[in-house]
Amino acid sequence: MRADPTLPHHRLPSTVLDELSCGEGGPATIGLLLAAERSRRLLLLRMLDDATDIGPAWELLSAAQRRAPEAVDELLMYPQTGMWLATALRRLRGSAPGDGPPPWVVLNHVSALAAAAALRAELDFSIEVPMRHGRVPLPTLGCAELPAAEPWTTATVRARAGRAVVAAPGAEVAVPSPPDVPAPGWHPLRRLTVGPAHHRLVLALDDVDPYRTYPRPTEPRPLSEETTEQWRRVLERAWTVLLEEQPRAAEAMRRGLLSLTPGPARERFRPRSVTAGDAFGGIESSEPDDAVQLAVTLIHEFQHTKLGGLLHLTPLLTEETAETPELWYAPWRDDPRPLDGLLQGIYAFVGIARFWRTHRLASGAATPMAHFEFALWRAHVTTALRQVHRHARLTPLGAQLLDRLYALCTRWLDEPVPDSPLALARICAADHATRWRAHHLRPPRQAVEEATRAYLSGAPAPPRSLAATPEVTTDESARWLDTLAVLTRHRLSGEDPEKAAATVTAALRADALLAAGEAPAARDAYTAHLLADPDHPTAWSGLSQSLTLMGASPTAAHFLRHHPERARAVHRAVTTATGTPPDPIALAAWLAT
């Protein structure tokens, strides 16, 4: 195969950088990113060849490229090929987890790639490939299934005069021609084709390639025909939404979206989706609730894809110099994030806010839910941007990108949203931030001790030391901080939040009451919960939101919203000292003085 000596230098024109800096990018921009990605993968493949003995596979790949260069290029650019290359090189360097397949299975996957390339080029050949729990995946083609006594062994792929088989001792599977149809022992890689002729999306629904899941590989799990058809139908509807409402983004996806890895359905309004910088063009997604959710997922993950491609060409941040990396609040995560992770999230969720901005104005889509989502995500992204958009570690391009995204989101904040969904979005945005603070911020221990002594002695106000900047400490127990937003979505879809709470992981009865707008009942439920479980982090947030809605105890409500970590720490210390939890509202009012 041709490698690094003939590779071009890749530079992005200023017009392309301008597009990407605004969170956009059309088909031509995606084409440039793909060209750079091709060069990167050839370099990685050469690095692997230099570090290991893949001679037979390399020779077969080279022969296939001479015969069918376009087919081999398609194989090279397949997202899972990029994921495997990165995984293999990390295993060689000892920087990847050691569990999973043994190293020889990972490295010899190159033989499966060579076999797939040779089959596509219609060569006569024979090569040994890894067999994983009785399955032999051939990238971009499908997967053969044979009996196997060992989890990790080998099979032989051979082809002659147009007939191809995958063989193991005592068994063989014929690879059909063409290979995209089912046959005994053969699971084809399915390709979904949706949309009208001139705006058609074609992508692989990958359920067989071991490197289809990010960041860790998983074994092939072929879908049933019924499940495959469900995915095709929902993708067809999602693609219609994108073509009608986000036509430029859809055209870019036609160029750069190559595979979709299906996962099982999850809890309603809590989908899971993943991309990886090493797997340009690949998306892993749980089965969506509906077509609009899938459209949002495609927008979200394609934003990550574009930014990942840009980061392969130029950095947006300088190297971290502090011994302890800075951690930041990401409104879409339960955990604190490093700066590079926050930057990824900002870029992705700008795309989500843009989607809802358009969708809420589309014919028939102007629902309270759509207005709520736009108001929520514009607030979340703006909150994240305000933290870091002038950070010292930003390169000139990184500063330009965040400045432009910040200006965009600031303009969106001025766009009118109906009062009811706007109020709900503000409550949910504030609740997530307050829950996060209660979990991850720690006031100075000495200040908490001083405040506890002051409170127990009847002092009129807490010590000033309690106002010191808290430390960010990741609380591994922080989960489901989006609970109020999820319950609110149930409410906006016409469900009773109290009934829906039974299906929402981590939802308290008080959360359901707050989502239903029953603020006094929610206040009482949160107070009772804190008396029974004084150290519960998220109840402090709900208490602040219910007091705010009621217009009651405004000083305590404001303090709990902005400094729940102080109230939680002192409340815990007082409870430990006396054996009796203090009234949380009275304590918050005292701390606010």
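Here the structure is a predicted model, which is why all the values come from computation and not from measurement. (Residues numbered from 1 in each chain as written. Predicted model: local features only at pLDDT ≥ 70, side-chain atom pairs only at ≥ 80, totals over all residues. Heavy atoms only, no water.)

A. Representation of the environment of Trp186 within the structure. Within the element layout of this structure, Trp186 appears in strand 7 (residues 186-188). Measuring from C-alpha to C-alpha, the distance between Trp186 and Val175 comes to 6.8 Å, with 11 residues separating the pair along the chain. (Helix = DSSP H or I, 4+ residues; strand = E, 2+ residues; numbered from the N terminus.)

B. Structural detail: the packing of helix 15 (residues 445-456) against helix 22 (residues 564-578). Here helix 15 crosses helix 22 at 60°, and the two axes come no closer than 9 Å. Relative to helix 22, helix 15 is oriented oblique. Crossing angle aside, the handedness with which helix 15 passes helix 22 is right-handed. Packed against helix 15, whose contacting residues are Val448, Ala451, Thr452, Tyr455 and Leu456, the element helix 22 presents Ala569, Val570, Ala573, Val574, Ala577 and Thr578 at the interface. Of the residues belonging to the contact of helix 15 with helix 22, the class tally is 9 nonpolar, 2 polar and no charged. (Axes fitted to C-alpha atoms, helices over the stretch in contact; angles between N-to-C directions. Parallel < 35°, antiparallel > 145°, perpendicular 65-115°, else oblique. Left-handed = near helix turned anticlockwise from the far one by under 90°. Contact = heavy atoms within 4.5 Å. Nonpolar A, V, L, I, M, F, W, Y, C, P; charged D, E, K, R; others polar.)

C. Inspection of the environment of His187 at higher detail. Assignment of secondary structure puts His187 in strand 7. Look at His187 and you get partly exposed, because its relative accessible area is 25%. Along the backbone, His187 and Gly579 are 392 residues apart, and their C-alpha atoms lie at a distance of 64 Å. Not counting residues within four places of it along the chain, the set of residues in contact with His187 comprises Gly142, Cys143, Glu145, Val208 and Pro222. Separated by 3.0 Å, the side chains of His187 and Glu145 make a polar contact. (Buried < 20%, exposed > 50% of the residue type's maximum accessible area, 1.4 Å probe, protein only. Polar contact = N/O pair within 3.5 Å; in protein donor to acceptor, adjacent residues only side chain to side chain.)

D. A look at the side chain of Asp475. Within the secondary structure, Asp475 is located in the loop between strand 14 (471-472) and helix 16 (483-492). The residues touching Asp475, leaving out its near neighbours within four places in the chain, are His439, His440 and Arg442.

E. Quick look at the packing of aromatic side chains. What the rule picks out here adds up to 6 aromatic pairs. Relative to Trp436, the ring of Tyr329 has its centre 5.1 Å away and its plane inclined at 55°; by these criteria the two rings are tilted. Pair noted here: Tyr329 is in the loop between helix 10 (291-311) and helix 11 (339-359) and Trp436 is in helix 14 (residues 419-440), with a separation of 107 residues, a long-range link. This pair shows no difference in class: Tyr329 is buried, exactly as Trp436 is. A centroid spacing of 6.4 Å and a plane angle of 65° characterise the contact between Phe374 and Trp412, whose relative ring orientation is edge-to-face. Separated by 38 residues along the polypeptide, Phe374 in helix 12 (residues 368-388) and Trp412 in helix 13 (residues 396-413) bring together distant segments of the chain. Each member of the pair, Phe374 together with Trp412, is buried. Put simply, the rings of Trp332, Phe349 and Trp377 touch in pairs and so form one group of aromatic residues. (Phe/Tyr/Trp six-rings, centres within 6.5 Å; stacked < 30°, edge-to-face > 60°.)

F. Representation of the sheet that holds strand 12 (residues 282-286) within the structure. One open sheet accounts for 5 strands, arranged 8-9-10-12-11; its pairing is mixed. A strand with exactly one partner marks an edge of an open sheet, and here the two such strands are strand 8 (190-194) and strand 11 (273-274). Sitting on the sheet, helix 10 is in contact with strand 11 and strand 12, with an inclination near 145° to strand 12. (Pairing = 2+ DSSP bridges.)

G. Up close: helix 5 (residues 79-93). Helix length check: helix 5 (15 residues) gives 22 Å between terminal C-alpha atoms against 21 Å at 1.5 Å per residue, within 8%. Counting buried positions along helix 5 yields 12 of 15 residues, so the element is predominantly enclosed. When we look at burial in helix 5, the residues that qualify are Pro79, Gln80, Thr81, Gly82, Met83, Trp84, Leu85, Ala86, Thr87, Ala88, Leu89 and Arg91. Of the surrounding secondary structure, the elements contacted by the buried residues of helix 5 are helix 2 (27-51), helix 4 (69-77), helix 6 (103-107), helix 7 (109-120), strand 10 (259-263) and strand 12. Following helix 5 by one or two positions, Gly94 has its phi on the positive side, about 75°. (Expected span 1.5 Å × (residues − 1).)

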